Amino acid sequence: MRWLQSYPREVKVFLVASLISSAGGSLMWPLVTMFVFKVLGRTVTDAGLVILVMSVGGIAGQLLGGALYHRLGVKRLIVGGLAMNALFLMLLPYGSGNWHLFMLFMLLVGFFNATSMPAIQAFIGFRFAERRGELFNVIYVANNIGVALGTAISGFLAQISYDLSFILNGVTSAAFALFFWFYLNRVQKSQGELHVQKRKKSVDGQSVWSLLRSYPVYLFMGVGSFFLWLGNCIWNNGVSPFTISQGMPEWNYSILWTLNGLLIFVGQPFILWVKRTFAGSPQAQMTASALFYMLGYATILGFHTYPSMVAAMVLTTFGEMLISPAIPSFISDRTGKAAPFYLGLVGGMGAAGRVVGPYAMGVLFDWNGLVPVAWLAVGIAVLSVVSFLVHAAMNRDDRPEPSGLPT
C-alpha cells in the first residue's frame, strides 16, 4: 500500500473510519428482505415495500442534507445525521413487533443516513481541494473494501441474530459520528471555521430557486444518473430471478457480486489507463461510464447466458468505477460553495432511479422474462449516454460557468 504513504495522516484515519462505517452499513442491507420474509412473516412484496420506503427517505435526506449544509454547519449536519441514523438502527429490533412502526423506523434510517452523504462529500471537496478527484476514488475503493467485509460476515451474524446485525450497524454509525465530532472539533480549533474554497463570487444569500436555474451544471448529469441507476436494477430484478428460473444455484448469482468487489480493487490500473487515454475530465468519465453500462446490458440482451452475465458484470463494474468518483469531483470543482446543494440534488435524482427501477423491471420480468428487462436496460443506458454527452457539451472547460454559480 505504498500509494497511501503520499497522503497525510488525517486522510489515512478518515479512510479507516469510512471503511468501518461502510462495513457496518453492509451488515444489514443484504438481510432486509430475508428478515421481513422469514422473521416478520411478511410477503416478498412487503419486503420490496420496505426497500421502497427506505429509498424514498434516502432521496429526501440527500436533497435536504445538501440544502441545509451552510445553514446547519458541517458538524451539526454530519454528526447529527449519523447519530440519528445510529439511534433508529438500534431501535429497529424494538419496532419489529409493529409493522407500521418498523416501516417508520426504516424510513427514518434511510433519511438520516442520506442527510450526511452530501455533507461528507462536500467536506472532502473543500478540505482537500488540490487532490479531491484522486481522494474521491480512494474513498470509493475503501468503502467497497468495507462492503466486502460486511457482506462476508452478514450471513454469519444472521445465523446468530438478525437483531445483532441491526445493532452492530448502529454501533458503527455511532462510531463514525464520534469520529467526525472529534475530528471536526480539532480542525476548527486549529484553523477556525471550516475552509471553503471560494471563487470570484459567493453563493451566500442565494435562494434555492436561483441555484436551480443554473441547470446546465446539474440537470443532465442528474438525469443521466437517474437512467444509470434505474438500469442497474437489472441485476436484482432481471438477472437474479432468471438464474433461479434456469435452475442455477444461488451461489452463481453471489459470484457475480464477488467479482464486482474484486474488480474494484484489481481493476484500478485499467481505469487509470482509461482516464489517461480518453477520459481525462470528469465529464468524459461519466460518458465513458454510461458506455460501459450500455455494453454490459447489451451483452446480457444478446446472449442471456451465465457467461454473458459474468462479462456484463465486468463491463458494468468498470462503469461504476468511473462514475462514482467523477460526479462529486465535478460538482466540487465547478460549483464552489454551492457544492453541498448540488451533491444532494444529483444524489437524490440518482436515488430516484433505484426507486423506479425495481418495480418497472419486476413488471417486465413477470410479463416475459429477462429479454424485455434487458431491452429496457439497454434503452435507458443509451439515454444515459446522451444525457452525459449533453452535460459534457454544456460544461466544457473552455466555456464560462452557468450564471448564478460562483466563478
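Every chain is numbered independently, its residues counted from 1 as its sequence is written. Local features in a predicted model are, by the rule used here, given only for residues with pLDDT of at least 70; side-chain atom pairs are given and counted only at 80 or more, and totals for whole chains, interfaces and linings are based on all residues. Side-chain figures throughout are based on the complete set of non-hydrogen atoms in the structure, without hydrogens or water.

### Describing the packing of aromatic side chains
Here is step 1 of the chain: Each aromatic pair joins two rings of Phe, Tyr and Trp (for Trp, the six-membered one) with centres within 6.5 Å, and gets the label stacked for planes under 30 degrees apart, edge-to-face for over 60, and tilted for any other angle. Applying the stated criterion across every chain yields a total of 18 aromatic pairs.
Here is step 2 of the chain: Look at Phe-176 and Phe-179: their rings are 6.1 Å apart centre to centre, the planes differ by 5 degrees, and that puts the pair in the stacked class. With Phe-176 and Phe-179 both in helix α8 (residues 162–191) and 3 residues apart, this pair spans about one turn of that helix. As far as the burial class goes, Phe-176 and Phe-179 line up, both buried.
Here is step 3 of the chain: Relative to Phe-318, the ring of Phe-292 has its centre 5.9 Å away and its plane inclined at 65 degrees; by these criteria the two rings are edge-to-face. With a gap of 26 residues between them, Phe-292 in helix α14 (residues 282–303) and Phe-318 in helix α15 (residues 306–335) connect regions that are remote in the sequence. One exposure class covers both Phe-292 and Phe-318, and it is buried.
Here is step 4 of the chain: Each residue in the set Phe-270, Trp-273, Phe-278, Phe-292 and Phe-318 is aromatic and connected to the rest through ring pairs, giving one cluster.
Here is step 5 of the chain: Distance and angle both matter: a charge sits over a ring if NZ of Lys or CZ of Arg is within 6 Å of the ring centre and within 35 degrees of the ring normal. Positioned above the aromatic ring of Trp-181 is the side chain of Lys-75, whose terminal nitrogen or guanidinium carbon lies 4.8 Å from the ring centre.
Here is step 6 of the chain: Its guanidinium or amino end placed over the ring of Trp-229, Arg-354 lies 4.6 Å from that ring's centre, counting from NZ or CZ. A run of DSSP states H or I qualifies as a helix once it reaches four residues; a run of E qualifies as a strand once it reaches two. Both are numbered from the N-terminal end. Relative accessibility thresholds used throughout: buried, under 20% of the residue-type maximum; exposed, over 50%; partly exposed, between the two (1.4 Å probe, protein chains only).

### What about unusual backbone geometry?
Leaving glycine out, the prevailing phi sign among residues is negative, and the prevailing peptide bond configuration is trans.
Here is step 1 of the chain: A positive phi angle, close to 30 degrees, is found at His-304, a residue other than glycine.
Here is step 2 of the chain: Classification of His-304 as partly exposed rests on a relative accessible area of 32%.

### Brief notes about the side chain of Thr-287
Here is step 1 of the chain: Within the element layout of this structure, Thr-287 appears in helix α14.
Here is step 2 of the chain: Look at Thr-287 and you get buried, because its relative accessible area is 10%.
Here is step 3 of the chain: Ignoring any residue separated from it by four or fewer positions in sequence, one finds Thr-287 in contact with Phe-388 and Leu-389. What makes two residues a contact is simply this: any of their non-hydrogen atoms within 4.5 Å.

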